[in-house]
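# Coordinates in review
Below are the chains, spelled out letter by letter.
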2 protein chains.
Amino acid sequence: MSSILAWIMYDIVEDKARNKIAKVCKKYGLTRVQYSIFLGRLDTNRFDELAELCLDLMDEDTDSVYLFPFCQDDFRRIQVLGQGFDKKLVNDEILSKFF
Amino acid sequence: MSSILAWIMYDIVEDKARNKIAKVCKKYGLTRVQYSIFLGRLDTNRFDELAELCLDLMDEDTDSVYLFPFCQDDFRRIQVLGQGFDKKLVNDEILSKFF
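Residues numbered from 1 in each chain as written. Chains lettered and ligands numbered in written order. Predicted model: local features only at pLDDT ≥ 70, side-chain atom pairs only at ≥ 80, totals over all residues. Heavy atoms only, no water.

Looking now at the UniProt feature "binding site: Mg(2+)" (unreviewed entry) in chain A. All names here are of chain A. Here, UniProt's "binding site: Mg(2+)" (unreviewed entry) annotation points to Asp-11. Among the secondary structure elements, Asp-11 is positioned in strand β1 (residues 3-11). Classification of Asp-11 by relative accessible area gives exposed; the value is 51%. Leave out the neighbours within four places in its chain, and Asp-11 touches Asp-63 and Ser-64. (UniProt positions renumbered as here; feature names shortened; annotations may be inferred. Helix = DSSP H or I, 4+ residues; strand = E, 2+ residues; numbered from the N terminus. Buried < 20%, exposed > 50% of the residue type's maximum accessible area, 1.4 Å probe, protein only. Contact = heavy atoms within 4.5 Å.)

Further remarks concern the relation of the copies chain A and chain B. Superposition of the two copies of the chain requires a rotation about an axis and a shift along the axis. Superposing chain A onto chain B takes a rotation of 180 degrees combined with a translation of 0.0 Å along the rotation axis, leaving an RMSD of 0.0 Å. Within this description, the copies of the chain are treated as partners about a two-fold rotation axis. Minimal C-alpha separation from the rotation axis in chain A is found for Phe-70 of chain A, amounting to 3.6 Å. Taken as a fraction of all interface residues of chain A, those also at the interface in chain B reach 100%, which identifies the copy contact as same-surface. (Least-squares fit on C-alpha atoms with pLDDT ≥ 70 in both.)

All right, on to the sheet that holds strand β4 (residues 64-70) of chain A then. Strand order in the open sheet formed by five strands is β2(A)-β3(A)-β1(A)-β4(A)-β5(B), with antiparallel pairing between adjacent strands. The sheet terminates laterally at β2 (31-34) of chain A together with β5 (79-82) of chain B, the two strands that pair on one side only. Strand-to-strand, the axes of this sheet are offset by a mean angle of 20 degrees, without reference to chain direction. Running over the sheet, helix α1 (residues 15-27) of chain A touches β1, β2, β3 (37-43) and β4 of chain A and is turned about 170 degrees from β1 of chain A. This element, helix α2 (residues 44-57) of chain A, spans β1, β3 and β4 of chain A together with β5 of chain B of the sheet and lies at about 135 degrees to β3 of chain A. (Pairing = 2+ DSSP bridges. Axes fitted to C-alpha atoms, helices over the stretch in contact; angles between N-to-C directions.)

Next comes the structure, spelled out in structure tokens:
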């Protein structure tokens, strides 16, 4: 099974739904790097599963969820400028796992 | 020169800086698909150039800019759920250029 580096970003209005989506991301082994951003390695089928779960938990009329799959090469070229990472959540050790 | 599919997302506090970054994204031939999201094909050197320009225009203490490079395969697996795209800005014809 091939794996990818997943970058999940969301904009969820309701606290309850937002907390549930954060919980699912953690359950799938992703690391929180910003208030509404998670990163981590996922098997491709787990990536699609996570998308289905987010769809069940969100309100499609008000919320947005972006699930980005990256191969290692593309992932290394991501540019995060300014406050893209929450420095309280993310240190070099965590980032070195991905970049 | 290799090209990539670029997905630019930003969270900019000041209107003036935000408008300038949107203008630069348009100048680089990207398509606006949501209030603060642009998509398009860029040569890799132009992708890095755009990151430098964003760095000059933003306030690194308050703002965030994410520049995501995708190969075609990964790009096709992106999942955008709910209000991820602004339907007033994006129609199937535009999306078919990318997906």
